[in-house]
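# Coordinate inspection notes
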Amino acid sequence: YPIAIEGRTVYRAKLKAETERGEIQNPLLIIHVEPRNAKLFIDNEEAEVKDGSATLSISKGRHIFRAEADDYEIASGVVELADETVTRTVTLKPKFGYLDVFSLPEEGASVFVNGDSIGVTPIRQHRLPIDTYDIQLKKDFFFTVDSLATITSGATTSQTYTLVSTIAPDEGRRTLVLLEGAFHPSQ
C-alpha cells in the first residue's frame, strides 16, 4: 500500500479492473464421484480426482465420462459443454450389500454363510457380494437353523432367528386348590 496503515482505523478501497468481454474459450466441468476414491475418465483420459471431485477446463462440445471403482458398477455418460460451467454428480452402484443376523432368545449362536463361519450372533453389517446365501445357525443345546438370505446392492438384509431348545422343559409341580364354601339364606 502506498500509505501507512494505522491501527483502529477503517479504510475503504475501490477496485477497478479492466476486462475485455468475450466468449469463454474453455468452460469448466466439475464432476463429483461417490465413492470418493473412484477413478474418473473424460474422453478415455484419466482425470485427477481430489477428495471425490474433479474440476476440468476443457473445450466446448460433447465429452464422454466414465467413473469406476473396485466392487462398484461402472457409470458413464455424455456431457455437452457450452459457455457455462457444468456440474455433475456420479454415484456408483455397489456390487455388495450387508447382512445382519440376530438370534432369540439366546445370543452367541455360531453363524455360517455357505458353510463358512462369519462369527457369532449378533452380527452387524457383514459385507457380502450380491447373491443368495445359505445361512446356518448352530448353538449347543439348540436345534440347528437353516435358511436363505438374499443380499441386494447397497442394502442391509436383516435376519432374526428363533432358536428352539433341544432340552425338554421341566414339568412344574401341580397343585390342586379346592375352595369350600356355604350359603345361608339369612346372610
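Each remark here, short or long, concerns the structure printed above.
Description of the structure in this document. (Residues numbered from 1 in each chain as written. Predicted model: local features only at pLDDT ≥ 70, side-chain atom pairs only at ≥ 80, totals over all residues. Heavy atoms only, no water.)

## Some words on the overall build of the chain
Per the secondary structure count, the chain includes zero helices and 14 strands. Counted from the first residue to the last, the chain has its helices and strands arranged as β-β-β-β-β-β-β-β-β-β-β-β-β-β. When the 187 residues of the chain are sorted by exposure, 27% land in the buried category. Summing over all exposed atoms, the chain offers an accessible surface of approximately 14400 Å²; the carbon and sulfur share of this is 49%. (Helix = DSSP H or I, 4+ residues; strand = E, 2+ residues; numbered from the N terminus. Buried < 20%, exposed > 50% of the residue type's maximum accessible area, 1.4 Å probe, protein only. Areas by Shrake-Rupley, 256 points an atom, 1.4 Å probe, with all protein chains shown as cover.)

## A short note on the sheet that holds strand S4 (residues 53–57)
If you trace the three strands from one edge of the open sheet to the other, you get S4-S1-S7, paired in mixed fashion. The sheet terminates laterally at S4 and strand S7 (86–91), the two strands that pair on one side only. Across the sheet, the axes of successive neighbouring strands diverge by a mean angle of 15°, strand direction being ignored. The sheet contact formed by strand S1 (residues 28–34) and S7 spans six bridges and is parallel. Of the residues in S7, the one forming a bridge with Glu-34 is Thr-91. (Pairing = 2+ DSSP bridges. Axes fitted to C-alpha atoms, helices over the stretch in contact; angles between N-to-C directions.)

## With respect to the environment of Ala-82
Tracing the backbone shows Ala-82 in the loop between strand S6 (75–81) and S7. As for Ala-82 and Ser-59, which are separated by 23 residues in sequence, their C-alpha atoms are 8.6 Å apart. Among all residues touching Ala-82, those that are not within four sequence positions of it are Pro-27 and Lys-60. (Contact = heavy atoms within 4.5 Å.)

## Topic: the pattern of salt bridges
A complete count under the given rule lists five salt bridges for this structure. Put simply, Arg-36 and Asp-51 hold a salt bridge, and the shortest N to O gap is 3.0 Å. Linking Arg-36 in the loop between S1 and strand S2 (39–42) with Asp-51 in the loop between strand S3 (45–47) and S4, this pair joins segments that are 15 residues apart in sequence. The partly exposed category is assigned to Arg-36, whose relative accessible area is 48%. Linking Arg-127 and Asp-71 is a salt bridge whose minimum nitrogen-to-oxygen distance equals 2.9 Å. Taken together, the residues Arg-127 in strand S11 (residues 123–129) and Asp-71 in the loop between strand S5 (61–68) and S6 connect sequence positions 56 residues apart. (Salt bridge = Lys/Arg side-chain N within 4 Å of Asp/Glu carboxyl O.)

Any functional reading would require information that these geometric values do not contain.
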